Amino acid sequence: MDFNLKKLTSDAGVFFTRAVQFTEEKLGSAEKTELDAHLENLIARADCTKNWTEKIFRQTEVLLQPNPIDHTGARIEEFFYEKLDKKIPSRTTNGELLGQYMLDAAKDFGPGTPYGSTLITVGEYQSRLGGAEREFLQTSAINFLTPLRNFLEGDWRTISKERRLLENRRLDLDICKARVKKAKQAEAKAAAEPDFQETRPRNYVLSASASAAEQELRVAQTEFDRQAEVTRLLLEGISSTHVNHLRCLHEFVEAQATYYAQCHQYMQELQKELSSANSDTYPNSFASNANPSTSATCPSPVSSATLPGVSPPCLASTSTPGIAREPSGPLKIQDVQQPSTGHRKAKVLYDYDAHDTSELSLLADELITVYTVPGMDPDWLVGERGNQKGKVPVTYLELLS
């Protein structure tokens, strides 16, 4: 117990002395031993590596698992399994859970009904998408997240420990330098005094004190040099860390590309199955799905000078099921007469360039007269401006009362 108390007292004294030296260095009242330029560059590079590795690691976790506090309690579960040093079990992804819900719903609605059979088809593909996501998460965690975590929790902790030890050795070295300087100053001052008989013992004491301080300085310098070499070797290992992380980054991108390719393939297959099933059940209702190019017509872009940052609306087909309509069907505008009733004023919202002679070009904020005629596509109106007449898209207009 007495030995431990002495050690504790000694450690407290060393800590206090180092704290005093560090404070005096910050205040500029004490000299500080500077590290060589190469070691300083290695330290700066290591700090940069640690900071960005930590940010990339955290953000990758967010990318792979956006909602850590979900119904599975994922992060908490991972924490306990890591502490128990056991393999984390494979969890159900949100896509797989959605697919299971759809399959269960199909049982209640009836697998033979159109809605039930479609739920089964979509649910199976959602399960496949979820399985692909689960495989991607596992691959990314093993090949990318784990090496980054190992660096932060392993190599970096070792480097930080050795750097703290190097800083303590530097403080001890500067303390010894200050003691030697102080002892020499006292010895020089005593030597300059009159050489009386009574001052000689004190001179011997000062000389012995200076010799002891110089011996401590040599020991401190040796320990500092040894620790600087150890720290330098560890910091130079950062280059191999970059090489390892580069390889892991390539593997992460490969896993990501594979995952998105699988998702694209599954969605194409699902669209084909749905299109085929719908065409068999409702031959005319889903005709637009077989030819996506006719499902919607998007006019030419809006002038950026008129509405910067605003995209033009898309003219979606609102035709009734079973009737295939063209948004700009055959219509001789010159033969159309303005009805006696039913015409209204409309304000133009966006610039519009006519695609043919049957259409009327528009300028944003102008007022025109519009009306409809029997048999005309409901997405279009006949617009008049003075003696000019032509078809105009409804979505580009604000009808006024």
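No experiment lies behind these values; they were computed from the predicted model shown.

Cut-offs used in this document
- Residues numbered from 1 in each chain as written.
- Predicted model: local features only at pLDDT ≥ 70, side-chain atom pairs only at ≥ 80, totals over all residues.
- Heavy atoms only, no water.
- Phe/Tyr/Trp six-rings, centres within 6.5 Å; stacked < 30°, edge-to-face > 60°.
- Helix = DSSP H or I, 4+ residues; strand = E, 2+ residues; numbered from the N terminus.
- Lys NZ or Arg CZ within 6 Å of the ring centre and 35° of its normal.
- Salt bridge = Lys/Arg side-chain N within 4 Å of Asp/Glu carboxyl O.
- Buried < 20%, exposed > 50% of the residue type's maximum accessible area, 1.4 Å probe, protein only.
- Pairing = 2+ DSSP bridges.
- Axes fitted to C-alpha atoms, helices over the stretch in contact; angles between N-to-C directions.
- pLDDT = per-residue confidence, 0-100.
- Contact = heavy atoms within 4.5 Å.
- Expected span 1.5 Å × (residues − 1).
- Arc of directions from axis to C-beta.
- Polar contact = N/O pair within 3.5 Å; in protein donor to acceptor, adjacent residues only side chain to side chain.

A. Examining the packing of aromatic side chains more closely. Using the criterion set out here, one finds eight aromatic pairs in the structure. With centroids separated by 5.6 Å and ring planes inclined at 85°, the aromatic side chains of Tyr350 and Tyr396 adopt a geometry described as edge-to-face. A residue pair is termed long-range when its members are at least 10 positions apart, and Tyr350 in the loop between β3 (344-348) and β4 (367-371) and Tyr396 in the loop between β6 (388-393) and β7 (397-399) qualify at 46 residues. An aromatic cluster is defined as three or more aromatic residues linked by ring pairs; in this entry it consists of Phe136, Phe144, Phe252, Tyr259 and Tyr260. Stacked on the ring of Trp52, the Lys or Arg Lys55 has its end atom at 4.6 Å from the ring centre. Lying across the ring of Tyr125, Arg128 places its NZ or CZ 4.5 Å from the centre.

B. Up close: the pattern of salt bridges. Within this structure, the stated rule accounts for 16 salt bridges. Lys50 serves as the salt-bridge partner of Glu54, at 3.3 Å between the closest nitrogen and oxygen. In this pair, Glu54 and Lys50 are both assigned in helix α2 (residues 37-64), four residues apart and thus about one turn of the helix distant. What makes Glu54 partly exposed here is its relative accessible area of 29%. Two residues, Glu236 and Arg232, come together in a salt bridge whose shortest N-O distance is 2.7 Å. With Glu236 and Arg232 both in helix α6 (residues 200-236) and four residues apart, the pair spans about one turn of that helix. Each of Arg58, Glu61 and Arg149 takes part in one network of salt bridges that share partners.

C. Broad picture of the sheet that holds β3. The strand order β6-β5-β4-β3-β7 describes an open sheet built from five strands, whose pairing is antiparallel. Unpaired on one side and paired on the other, β6 and β7 mark the two borders of the sheet. Averaged over all pairs of adjacent strands, the angle between strand axes in this sheet comes to 40°, irrespective of strand direction. Bridge count for β3 against β4 is four bridges, and the pairing is antiparallel. In the strand pairing of β4, Arg344 is matched with Val370.

D. Seen up close, unusual backbone geometry. Non-glycine residue Asp365 carries a positive phi angle of around 80°. When you line up the elements, Asp365 lands in the loop between β3 and β4.

E. Main features of the confidence of the model for the protein. Per-residue pLDDT for the protein averages 78, and the proportion of residues at 70 or more is 69%. For residues 284-330, every residue scores under 50 in pLDDT, and the model assigns this stretch 62 contacts once sequence neighbours within four places are set aside.

F. The arrangement of helix α4 (residues 94-109) in detail. In this model α4 runs 22 Å from its N-terminal to its C-terminal C-alpha over 16 residues, within 8% of the 22 Å that 1.5 Å per residue would give. Within the span of α4, buried status applies to Gly95, Glu96, Gly99, Met102 and Ala106. All buried residues of α4 lie within an arc of 120° about the axis, which places them on one face of the element. Facing away from the buried surface of α4 by more than 90 degrees, the exposed residues are Asn94, Tyr101, Lys107 and Asp108.

G. Representation of the pairing of strand β5 (residues 380-385) within the structure. Where burial is concerned, most of β5 is hidden: five out of the six residues are buried. Looking at chain direction, β4 and β5 are connected through three bridges and run antiparallel. What sits directly across from Val370, in β5, is Gly383.

H. Representation of α2 in the model. In this model α2 runs 40 Å from its N-terminal to its C-terminal C-alpha over 28 residues, within 8% of the 40 Å that 1.5 Å per residue would give. What α2 keeps buried is the set Leu39, Leu42, Ile43, Ala46, Thr49, Lys50, Thr53, Phe57, Thr60, Glu61 and Leu64. The opening residue of α2, the one whose side-chain oxygen lies 3.2 Å from the backbone nitrogen of His38, is Asp36.

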